[in-house]
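Structural overview for review
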Amino acid sequence: MVKDKNIFIKTAFIFLPMYIIFLIDDFYNFDDHGVFQIIETRTEYIEQSENINSIIIGGSNALWGISADQLNSLSDNQFYNLSMHSNGVNYKNYFEYILKSVEPIQAQNIDLIIWSTIHTYLDPPYNDFDRDIAGRLRQSKLIPNQSILSKIYKTFTNQESLHFEVSPSSGDFLFRNFKCPLSDKRYLDRDLIDKISNETYQFAPLGPLENQIKTYKIFFKKYFPNSKIVYVVPSIINPPEILPNQLKFLYDNFKEENFSVLIQQPIQDVKYLCESSHHPNAEGRKIRTTEIYEFLKTNRFL
């Protein structure tokens, strides 16, 4: 019995330090896909800018799919794209990021917010509060982001990582070093094209979607009191039919004077997509942004 106990203690003394070292390496060498660099790039620019009066927020559909630079060229407003992959993993991360990016005095001057989220068509964000804005598990959890076997496999196979970059002057996603296997002839993936061409969505459950909308509306009213908000249901391929009760739900939730809803037209062909059904390529982004601009112009937001 004593012998078994001694073996256990010795084993623990050997493997516990190794596990701690692995946890530290896992945390500090976490593949954030460029998220922290995006935050730094945007923050540095915004700190120097005094004329931003419109912002774009949302998840990756807005990061890939809406261009602040294009909207700036079409209007007198000064847009900046603050959208973040996976909506910052949870709304607390995302709100904190927005407030650190836009100082209170700047927030008072924001008069237009475009909010676009794919979660009109999917379950609302899972809001994983155990992770930071890049999706990295917090150190206090004492759980690695990947297994040791996964770490070894990626190391020895030199697995390519997805890396996101943005333009400092607009916050827009940069496609220059990003592969689009649905449309770029250099990287076409026929199996992925077939899969995405047949992918379908459903309208999100109304209860969780309503909770998400309320959370964001409270945030907008508190920190951006002078802003008008346009809630954008994004362009995707093969969107579901929006039923009358779902349409009523959307308009009822945004019936206040400073809120509005835009349901974008579907993406008609995978040639306008990058690597997923709700991530447009550069041409698809141009089409999406033009539709948003026309809506803003027609409804006198610009």
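Calculation rules
- Residues numbered from 1 in each chain as written.
- Predicted model: local features only at pLDDT ≥ 70, side-chain atom pairs only at ≥ 80, totals over all residues.
- Heavy atoms only, no water.
- Salt bridge = Lys/Arg side-chain N within 4 Å of Asp/Glu carboxyl O.
- Helix = DSSP H or I, 4+ residues; strand = E, 2+ residues; numbered from the N terminus.
- Pairing = 2+ DSSP bridges.
- Buried < 20%, exposed > 50% of the residue type's maximum accessible area, 1.4 Å probe, protein only.
- Arc of directions from axis to C-beta.
- Contact = heavy atoms within 4.5 Å.
- Patch = residues over 30% accessible without salt bridge, like charges linked within 9 Å, V, L, I, M, F, W, Y side chains within 5 Å.
- Areas by Shrake-Rupley, 256 points an atom, 1.4 Å probe, with all protein chains shown as cover.
- Lys, Arg positive; Asp, Glu negative; His and termini not counted.
- Charge placed at Lys NZ, Arg CZ, Asp CG, Glu CD.
- Expected span 1.5 Å × (residues − 1).
- Polar contact = N/O pair within 3.5 Å; in protein donor to acceptor, adjacent residues only side chain to side chain.
- Axes fitted to C-alpha atoms, helices over the stretch in contact; angles between N-to-C directions.
- Core = buried A, V, L, I, M, F, W, Y, C linked by side-chain atoms within 4.5 Å.

1. Points about the pattern of salt bridges
In total, this model carries 8 salt bridges according to the counting rule given. A salt bridge links glutamate 256 to lysine 221; its shortest N-O distance comes to 3.4 Å. With glutamate 256 in the loop between helix H10 (244-253) and strand S5 (259-263) and lysine 221 in helix H9 (residues 206-223), this pair connects stretches of sequence that are 35 residues apart. For lysine 248, the salt bridge goes to aspartate 252, with nearest N and O atoms at 2.6 Å. Of this pair, lysine 248 and aspartate 252 are both found in helix H10, 4 residues apart, which corresponds to roughly one turn of the helix.

2. A few points about the pairing of strand S6 (residues 273-276)
Judged from the 2 bridges that link them, S6 and strand S7 (residues 279-280) form a sheet pairing that is antiparallel. Paired with leucine 273 across the two strands is proline 280, which belongs to S7. Taking the residues between adjacent antiparallel strands as the criterion, S6 and S7 are bridged by 2 residues.

3. Remarks on H10
Of all the positions in H10, only Gln246, Phe249, Leu250 and Asn253 are classed as buried. All buried residues of H10 project into a common sector of 95 degrees when viewed along the axis, lining one side. Residues of H10 that are exposed and point more than 90 degrees away from the buried face comprise Pro244 and Lys248. In this structure, the buried side of H10 is in contact with H9, strand S4 (228-233) and S5.

4. Comments concerning a negative patch on the surface
Together, Glu40, Glu44, Glu47 and Glu103 make up a region of like negative charge exposed at the surface. Considering the arrangement of structural elements, one finds glutamate 40 in helix H2 (residues 35-48).

5. A few points about helix H11 (residues 282-298)
For H11, with 17 residues, the first-to-last C-alpha span of 24 Å sits near the 24 Å given by 1.5 Å per residue. Residues Gly284, Arg285, Arg288, Thr289, Ile292, Tyr293, Phe295 and Leu296 constitute the buried set of H11. N-capping of H11 is provided by asparagine 281, with a side-chain oxygen placed 3.2 Å from the backbone N of glutamate 283. At the exit of H11 stands arginine 300, carrying a positive phi of roughly 60 degrees.

6. Observations regarding the sheet that holds strand S2 (residues 79-81)
Adjacent strands of a sheet form backbone hydrogen bonds with each other and so pair up, either parallel or antiparallel. Ordered in space as S2-S1-S3-S4-S5, the 5 strands form an open sheet in which the pairing is parallel. Each edge of the sheet is formed by a strand with only one pairing partner; in this case those strands are S2 and S5. On average, each strand axis in the sheet is tilted by 20 degrees relative to the strand beside it, whichever way the strands run. Pairing of S4 with S5, which is carried by 5 bridges, proceeds in the parallel orientation. Its bridge partner being in S5, isoleucine 229 is matched across the sheet by phenylalanine 259.

7. Describing the nonpolar core
If you look at the biggest cluster of nonpolar residues, it comprises 50 residues, and the most contacted ones within it are Ile57, Phe220 and Phe224. It is H9 that contributes the most residues to this core, 5 residues altogether. What phenylalanine 220 contacts, discounting residues up to four positions off in sequence, is Ile57, Ile113, Trp115, Pro225, Ile229 and Phe259. One finds Phe79, Val230, Tyr293 and Phe295 within the second-largest nonpolar core, a separate group that totals 16 residues.

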